Amino acid sequence: TRRPARALGCMYFVAGATGNVGSQVVRKLSESGVGVKAQTRSSTGGKVAELQRLPGVEIVACDLMDKAGLAEALQGVKAVFLVCGNAKEQAQMEINVIDAAVAAGCTYLVENGTHAGYTNKDSPVEFGRHHWEIEEHLAKSAGAMKWTVLHANWFMSNHLGDIFGTLPNGAIVYPLKPEDKAQLVDPRDVGDIAAQMLLDSDPSKYHGLHLMISGPDVLTWSQIAALYTEELGRPIEMATCSEPEWVAAAIKGSGFEHWLAEAAAHNFKVIRDGGFLHTTSPQLLALAPPRRTMKEWIAEWAPRSPPPPA
């Protein structure tokens, strides 16, 4: 029999529960046998239905701008995982969750940050400025609540644009050189780590820390193209475009708003400067070392790419 979340006693709250990282946090917490309140913007949809089927998971359809709804949702919650999609209102939405968690007496909060190198007050990246505001508020307002911020490297899921965009035309296309490289990480590895941190009997050892996460692979963009070639059995080349061309394609093909496409494009400067090569913090390697490789990710996703045009 499927037990409701509240019947499992100790409750955990996951904001952004349908995203790549948040959904994995929910899955791992569910596997551990605890109760989970999974916050989503809607109570319907395929991703929500998947979470609903997990043992001990309660869907909480609540807007993160709804302070009263958050106050109710966080009652009885022990620990919180906070991730939010990049949006103009992101800082206020995450601050609302932090404030509600503090008011509810939560003992621990893990926030999914962005690249530490551009998280600052004057960042050229708009969501970098949002994260700076969130993290400043967290440090000043947490009170007795322990907290940690996670900073992941370049996500493998950033390559979904290859899968559904350029692979049918025999290429991956970026404003990068073929020899540019990054240490990639699967968002699910970040979710596994976050869940283990939330479940830790003594999270004080992580309190106030900004911790780095990267996967086991350091790959160049030409090596990524070669992995696609191997998996698909047809040539895939690494093609270099200009940054404005990438921004235009992100807006047209992926539905990015202009501000977000411009902000996301700054990641390519970070890659060119070697900024996505940091390794996983030792505390996290001891807890749940990231293990998923880009070869495995491509084997999972490349077959879903549309066939080349006839």
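Look up a bit, the structure's there.
Report follows, based on the coordinates. (Residues numbered from 1 in each chain as written. Predicted model: local features only at pLDDT ≥ 70, side-chain atom pairs only at ≥ 80, totals over all residues. Heavy atoms only, no water.)

Details of the pairing of strand 5 (residues 108–112)
Next, step 1: Taken across its five residues, strand 5 has five buried, putting it largely inside the fold.
Next, step 2: Burial along strand 5 is two-sided: Y108, V110 and N112 facing one way and L109 and E111 facing the other are all buried.
Next, step 3: Across four bridges, strand 4 (residues 77–82) lies against strand 5 in parallel orientation. Bridge pairing in strand 5 links A79 to Y108.
Next, step 4: Between strand 4 and its parallel partner strand 5, the chain crosses via helix 4 (residues 90–103), and the hand of that crossover is right-handed.
Next, step 5: Here five bridges tie strand 5 to strand 6 (residues 146–152), and the two strands are oriented parallel to one another. Residue L109 lies in a different strand from strand 6, and its bridge partner there is W147.
Next, step 6: Following the chain from strand 5 across helix 5 (residues 126–141) to the adjacent parallel strand 6, one finds a crossover that is right-handed. (Buried < 20%, exposed > 50% of the residue type's maximum accessible area, 1.4 Å probe, protein only. Helix = DSSP H or I, 4+ residues; strand = E, 2+ residues; numbered from the N terminus. Pairing = 2+ DSSP bridges. Right-handed = clockwise from strand over helix to strand, strands pointing away.)

Some points on the packing of aromatic side chains
Next, step 1: In the structure shown here, the tally under the stated rule is nine aromatic pairs.
Next, step 2: Ring centres of W246 and F268 lie 4.9 Å apart, and the angle between their planes is 75°; this geometry places the pair in the edge-to-face category. Of this pair, W246 sits in helix 9 (residues 243–254) while F268 sits in helix 10 (residues 258–272), and the two are 22 residues apart along the sequence.
Next, step 3: On the basis of relative accessibility, which here comes to 16%, the residue W246 falls in the buried class. (Phe/Tyr/Trp six-rings, centres within 6.5 Å; stacked < 30°, edge-to-face > 60°.)

Examining the pattern of salt bridges
Next, step 1: Overall, the coordinates contain twelve salt bridges when judged by the stated rule.
Next, step 2: The partner of E136 in a salt bridge is K140, with the nearest N and O atoms 3.8 Å apart. Residue E136 and its partner K140 are both found in helix 5; the two are separated by four residues, about one turn of the helix.
Next, step 3: In this structure K140 comes out as exposed when scored by relative accessible area, which is 66%.
Next, step 4: Between D186 and R188 there is a salt bridge; the shortest N-O distance is 2.8 Å. (Salt bridge = Lys/Arg side-chain N within 4 Å of Asp/Glu carboxyl O.)

Honestly, it's all geometry; don't read function into it.
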